[in-house]
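What follows is each chain in one-letter form.
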Amino acid sequence: MLNLGLRTVLRTASKSGSRCPGFYAGSAAGRCPCGRSRTRYGLGVRNHSQEAARDKLACYQLTHRTLLKIQGPDTGPFLQGLITNDVAVLEEPSRRVMYCHMLSVQGRTLFDVMLYSLKSADVGSGVLLECDSSMKDSLLKHLKVYRIRRKITLDACPELSLWAVLTRRKTRGEEVSDPQLSSSENTLICEPDPRTQDMGWRLVLDKHVDPLDVLESCQKGDLQEYHKHRYTIGLPEGVKDLPPGVALPLESNLVDMQGISFSKGCYIGQELTARTHHTGVVRKRLMPVRLSVPVHDIEEGAALQTQSGKPAGKYRSGVGELALGLVRLAHAKEPLTLRSSSDDTVSLQAVVPDWWSEDVKVN
C-alpha cells in the first residue's frame, strides 16, 4: 500500500490528467553540466491505433537499490550542501530526475544516488532518493547528522519497487522509441536515466503492481543481464563499483554521467573535486575491461599491469569476463594483465565508452 503522501500525489495527478501521476513523464532536450547537448526521452501513453512494438523492451527489478523519501520545505537547501549536483536542476520543467554523489570531507564518494522530483500542492516539495540497498542505514544516519533543525522528514519506502527499462535490440544508429504506458494511473515515476541514454529508463511502482501491466511490449529480464549491460558500457553503480571512502568522483566519470555541477555553491567534499577539475589532471578513469576468460576469484583492488610489468591500475568488480577497472589513461590502449586469487595470470583489454566526452584523452 502506498503511504498517505504518495496516495495524495496520485489522486491529485489523476484528476489533473497527468500522464505520469504525481511524478513526471515527458520528453525534453537539455545540456549536461559539461556543456554537451544530450537528447532525453520521455514516456507516453500509447494510442491503441498506433503500430505495436515487438518486445523490444526488458525490465529488471533493481533489488540491489532502494528508495528513501525526503520531504518538507527545506528539502532543497538541505540537499544542496550534501550533493555534487545542483538541486536547482530539479526545478526545471524538463528535468525531473538527477544523478549525483555524496562525498566525504576528503572528497571521496560515500553514496551514489538518483533523485526524483516529488511535487504536489497537497504533499509539498520533496524527492525520492535511490541508493544502494546495503547503504540505506548508513545513508539515513549520514542525512540525520546534517539535518539539524531543517524542516524535513526522512522515510524509507518499502512499499515501492524500482525497475530499470532497457531496449533489447538496439543497434548503432537506431532511433530509440519511447516506452509506452498501458496503465499510467499505476505508474509513480517513469523517467529516462540521466547518466546516459544507454541505461534506458527508471520506473517506480507500488510493489504490488506488475510492470508488465504498465508497460506495453515489455518482458522481464534477469538482474544479471542488467549488470552485464552496465559492465559492457562501463557504467558504475553501487558499493562494489564505487567503494565508499575510496572512489574519487572525477575518476569515476561523474562529469560524463551528468552527476556534478561546477557552478553551484559549496558542498561537502567540494574542495578537492573542484581543484582537480580546474587543474584538468585526471590520470586514471573507471573503464570497462574485457577479460580473456571468465574469472570469478579476483580480489577487489587486484593490480593491473602492462605486459612489461608497469602498474596500470586496479580491478574493481565484474561479472564473468565483463568488469570495471580503474585504469591509468597512459596505458588504457595497451594489453593488460592481472593475477587471480588462484595466482593465474589473466589478460584483459580496456575499452573507451561511447558515452564519454570527446575531450577525454586516452593514450
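Residues numbered from 1 in each chain as written. Predicted model: local features only at pLDDT ≥ 70, side-chain atom pairs only at ≥ 80, totals over all residues. Heavy atoms only, no water.

Trainee: Kindly report on the overall build of the chain, identifying the contributing residues and their values.
Mentor: A tally of regular secondary structure across the chain gives five helices and 20 strands. Across the 363 residues in the chain, those meeting the buried criterion constitute 53%. Long-range contacts, defined here as pairs at least 24 residues apart, represent 71% of the contacts in the chain between residues at least 6 apart. Just so you have it, the chain exposes about 16,600 Å², and 48% of that area is on carbon and sulfur atoms. (Helix = DSSP H or I, 4+ residues; strand = E, 2+ residues; numbered from the N terminus. Buried < 20%, exposed > 50% of the residue type's maximum accessible area, 1.4 Å probe, protein only. Contact = heavy atoms within 4.5 Å. Areas by Shrake-Rupley, 256 points an atom, 1.4 Å probe, with all protein chains shown as cover.)

Trainee: Account for the side chain of D112, naming residues and giving values.
Mentor: With respect to the secondary-structure elements, D112 resides in strand β7 (residues 109-118). Engagement of the side chain of D112 in a polar contact is seen with the backbone nitrogen of G238, the distance being 3.2 Å. (Polar contact = N/O pair within 3.5 Å; in protein donor to acceptor, adjacent residues only side chain to side chain.)

Trainee: Quick one: what's the story with the sheet that holds strand β4 (residues 57-61), residue by residue and with numbers?
Mentor: Whether parallel or antiparallel, the strands of a sheet pair through hydrogen bonds between backbone atoms. One open sheet accounts for five strands, arranged β12-β13-β10-β4-β14; its pairing is mixed. Two strands bound the open sheet, and with one partner strand each, they are β12 (187-192) and β14 (218-220). Direction aside, the axes of adjacent strands within the sheet are offset by 25 degrees on average. Here helix α4 (residues 223-233) sits on the sheet in contact with β4, β10 (160-167) and β13 (201-206), set at roughly 105 degrees to β4. (Pairing = 2+ DSSP bridges. Axes fitted to C-alpha atoms, helices over the stretch in contact; angles between N-to-C directions.)

Trainee: Run through the packing of aromatic side chains, naming residues and quoting values.
Mentor: Evaluated as defined, the whole model comprises one aromatic pair. Seen in terms of ring centroids, Y60 and Y226 are 6.2 Å apart; in terms of plane orientation they differ by 45 degrees. Their pairing is tilted. Here the residue Y60 occupies a position in strand β4, and Y226 occupies one in helix α4, the gap between them amounting to 166 residues. Like Y226, Y60 is buried. Between the NZ or CZ atom of R195 and the centre of the ring of Y99, over which it lies, the distance is 5.5 Å. Above the plane of the ring of Y231 lies R230, whose end atom (NZ or CZ) is 4.8 Å from the centre. (Phe/Tyr/Trp six-rings, centres within 6.5 Å; stacked < 30°, edge-to-face > 60°. Lys NZ or Arg CZ within 6 Å of the ring centre and 35° of its normal.)

Trainee: Tell me about the pattern of salt bridges, and please be specific about residues and values.
Mentor: Taken as a whole, this structure holds 14 salt bridges when the rule is applied. For R275, the salt bridge goes to E271, with nearest N and O atoms at 3.7 Å. One end of the pair, R275, and the other, E271, are both in helix α5 (residues 270-279), four residues apart, so they sit about a helical turn from each other. The class for R275 is partly exposed, based on a relative accessible area of 45%. Within the structure, one salt-bridge network assembled from shared partners comprises R65, D112, E130, D193, R195, R202, R230, E237 and D241. (Salt bridge = Lys/Arg side-chain N within 4 Å of Asp/Glu carboxyl O.)

Trainee: Just give me the short version of α4, but keep the residues and values in it.
Mentor: Residues of α4 that are buried include every one of Y226, H227, R230, Y231 and I233, and no others. Contact partners of the buried residues in α4: β4, β10, β13, β15 (284-291), β17 (311-319) and β18 (322-328). Sitting at the amino-terminal end of α4 is D222, which places a side-chain oxygen 2.9 Å from the backbone nitrogen of Q224. In the segment just after α4, G234 is the residue with positive phi, at about 85 degrees.

Trainee: Provide a residue-level description of the environment of M257, including the pertinent values.
Mentor: Here M257 shows up in the loop between α4 and α5. Classification of M257 as buried rests on a relative accessible area of 0%. Measuring from C-alpha to C-alpha, the distance between M257 and C100 comes to 8.6 Å, with 157 residues separating the pair along the chain.

Trainee: Tell me about helix α3 (residues 136-147), residues and numbers included.
Mentor: Helix length check: α3 (twelve residues) gives 16 Å between terminal C-alpha atoms against 16 Å at 1.5 Å per residue, within 8%. Contact partners of the buried residues in α3: β5 (65-71), α2 (75-80), β6 (97-103), β7, β8 (126-132) and β9 (153-156). After α3 finishes, the residue I148 shows a positive phi value of roughly 50 degrees. (Expected span 1.5 Å × (residues − 1).)

Trainee: Please set out the sheet that holds strand β19 (residues 336-339) residue by residue, giving values where relevant.
Mentor: The sheet built from six strands closes into a barrel, its strands ordered β15-β18-β17-β16-β19-β20 with antiparallel pairing. Direction aside, the axes of adjacent strands within the sheet are offset by 40 degrees on average. Here two bridges tie strand β16 (residues 303-306) to β19, and the two strands are oriented antiparallel to one another. Residue T306 lies in a different strand from β19, and its bridge partner there is L336. Relative to the sheet, α4 contacts β15, β17 and β18, its axis offset from that of β17 by approximately 160 degrees.

Trainee: Lay out unusual backbone geometry in plain terms, naming residues and giving numbers.
Mentor: In this model, I148 sits at a positive phi of 50 degrees, which is unusual for a non-glycine residue. Examined against the element boundaries, I148 turns out to sit in the loop between α3 and β9. Accessibility expressed as a relative area gives 72% for I148, which makes it exposed. If you check the backbone angles, N253 has positive phi at about 70 degrees while not being a glycine. By the secondary structure assignment, N253 is in the loop between α4 and α5. The class of N253 is buried, set by a relative accessible area of 1%.

Trainee: Help me get a handle on the pairing of β12, residues and values and all.
Mentor: Among the six residues that make up β12, six are buried, leaving the element largely enclosed by the rest of the structure. As paired elements, β12 and β13 share five bridges and run antiparallel to each other. Pairing of I189 across the sheet is with V204, part of β13.

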